[in-house]
Every structure is written in C-alpha cells, then in structure tokens.
Amino acid sequence: MLSNSLLLQSADAMGGGFGMFLPLILIMGIMYFFMIRPQNKKQKELQKMLDALQKGDKVVTIGGIHGTVSSVKKDSDIIVVKVDENTKIEFSRSAISSVVSDKPAQKSEEKKSAKKQKEENKSGSDKKSSEDSEEKKDE
C-alpha cells in the first residue's frame, strides 16, 4: 500500500502523462536531426548533380565505371557514357553516382606554385636583410 502511494506521488511530480512522453519526443527529435535531415539534404544534392549533367562531364557510375558523358537524352532520362574510343554505354540517370572534376588537382597545383613563390620571396628578403646587415657592419 505504501509503495503504491509513493509511485503515484512520483508520477504526479514528473508532470503526469507528458513527463512520460518527453524522453520519447527527445529521441525522435535527435533522430530527425542526426539521421533523417542529413539524408534528405544528401538526396537533394544528388538530384541537383544529376539534373546538371551535360556533355563532356566525367562521371563514375554506381558500378564503378569511369567515363565521359557523350550525350544526354532528356526525354527518357538516359545518359550515354563514352568509356573508350569506340565504346559507348547507355545508363539510366540514376545510375550515375558522382561527377569527377579536375578542379581539386588544379587547386593543389596553384597552391604549390603559390607556396614556391612565398618561399622565393622569403629567401629573397632574407638575402636582402643579410646584405643590409653586412653593409651596416662595414660602416
């Protein structure tokens, strides 16, 4: 009898029925922000990429085939990918997993050249400062 009354008092102290559902609501909110929302965002980005496909883009299919888009048939959502000199394969638009760009390679080359220029400028300024200090010593 005493234990029942204690349980009833603790349930009233938690806020009744709402207090019992609060952890469930929090778990659902966490699942939405960490699982559902990022998946929807990724799906939208993939759809944008597929809609922006055009002739000349380098692509990778979900099967791992690398090639260049030779034509896009907008009416039937079919993309013709040139794999080799004489080999062209038709794919569904949804079979393209990613578009490969050469921009990261170009950016890394630009960074390397910028780094070399900085090093040359530093070495040039170091030589000038050492020459200036030698001239001061001679005076």
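These numbers come from a predicted model, not from an experiment.

A.B. asks: What is the right way to look at the overall build of the chain in this model?
C.D. replies: When its secondary structure is counted, the chain shows 3 helices and 5 strands. Moving toward the C terminus, one meets the helices and strands of the chain in the order α-α-β-β-β-β-β-α. Relative to its full complement of 139 residues, the chain shows a buried share of 13%. Intrachain contacts of the chain at a sequence separation of at least 6 include 35% that bridge at least 24 residues. Per element, the accessible surface of the chain, about 11,900 Å² overall, is 57% carbon and sulfur.

A.B. asks: In this structure, what is going on with the sheet that holds strand β4 (residues 88–92)? I would like to understand it.
C.D. replies: Neighbouring strands of a sheet are bound in pairs by backbone hydrogen bonds; such pairs are parallel or else antiparallel. The 5 strands are arranged β4-β3-β2-β1-β5 in an open sheet whose pairing can be described as antiparallel. The two strands at the open ends of the sheet, each matched to only one other strand, are β4 and β5 (96–100). The mean inter-strand angle of the sheet, taken between neighbouring strand axes irrespective of direction, is 45 degrees. In terms of strand pairing, strand β1 (residues 58–61) meets β5 through 4 bridges, oriented antiparallel. From the neighbouring strand, Thr61 faces β5, where its bridge partner is Ile96.

A.B. asks: When you look at the side chain of Arg93 in this model, what are you seeing that I'm missing?
C.D. replies: Along the chain, Arg93 turns up in the loop between β4 and β5. Within polar-contact distance, the side chain of Arg93 engages the backbone oxygen of Leu50 at 2.4 Å. Once you skip the residues sitting within four places of it in the chain, Arg93 turns out to touch Leu50, Asp51, Leu53, Val72, Lys74, Asp77 and Ile79.

A.B. asks: How should I be thinking about the confidence of the model for the chain in this particular structure?
C.D. replies: Parts of the model with low pLDDT should not have their predicted coordinates read in detail. Summing up the model confidence of the chain, the mean pLDDT is 78 and the portion of residues at 70 or higher is 62%. Highest mean pLDDT in the chain belongs to β1 (95); lowest belongs to helix α1 (residues 2–13) (55).

A.B. asks: Hey, could you run me through the pairing of β1 in this one?
C.D. replies: Strand residues, when the strand is regular, have side chains that alternate between the two faces of the sheet. Here 3 bridges tie β1 to strand β2 (residues 66–73), and the two strands are oriented antiparallel to one another. The residue bridging Val59 from the neighbouring strand is Gly67, located in β2.

A.B. asks: Help me understand the environment of Ile65, please; the structure alone is not making it clear to me.
C.D. replies: Assignment of secondary structure puts Ile65 in the loop between β1 and β2. On the accessibility criterion, Ile65 (32% relative accessible area) is partly exposed. Considering only alpha carbons, one finds Ile65 and Val81, 16 residues apart in sequence, at a separation of 9.4 Å. Setting aside residues no more than four positions away along its own chain, Ile65 makes contact with Val59, Val60, Val83 and Phe91.

A.B. asks: Would you mind showing me how to read unusual backbone geometry here?
C.D. replies: For residues besides glycine, phi is generally negative; the peptide bonds are generally trans as well. The residue Asp77 is not glycine, and still its phi comes out positive at about 55 degrees. Mapped onto the fold, Asp77 is located in the loop between β2 and β3 (78–82).

A.B. asks: Hey, could you run me through the side chain of Asp57 in this one?
C.D. replies: By the secondary structure assignment, Asp57 is in the loop between α2 (17–51) and β1. Despite its burial, Asp57 pairs with no opposite charge, the nearest such side chain being Arg93 at 8.5 Å. Among the polar contacts made by the side chain of Asp57, one reaches the main-chain amide nitrogen of Gln54 at a distance of 3.1 Å. If sequence neighbours within four positions are ignored, Asp57 has contacts with Ala52, Gly67, Thr68, Val69 and Val99.

Reading the values: the criteria
- Residues numbered from 1 in each chain as written.
- Predicted model: local features only at pLDDT ≥ 70, side-chain atom pairs only at ≥ 80, totals over all residues.
- Heavy atoms only, no water.
- Helix = DSSP H or I, 4+ residues; strand = E, 2+ residues; numbered from the N terminus.
- Buried < 20%, exposed > 50% of the residue type's maximum accessible area, 1.4 Å probe, protein only.
- Contact = heavy atoms within 4.5 Å.
- Areas by Shrake-Rupley, 256 points an atom, 1.4 Å probe, with all protein chains shown as cover.
- Pairing = 2+ DSSP bridges.
- Axes fitted to C-alpha atoms, helices over the stretch in contact; angles between N-to-C directions.
- Polar contact = N/O pair within 3.5 Å; in protein donor to acceptor, adjacent residues only side chain to side chain.
- pLDDT = per-residue confidence, 0-100.
- Lys, Arg positive; Asp, Glu negative; His and termini not counted.
- Salt bridge = Lys/Arg side-chain N within 4 Å of Asp/Glu carboxyl O.

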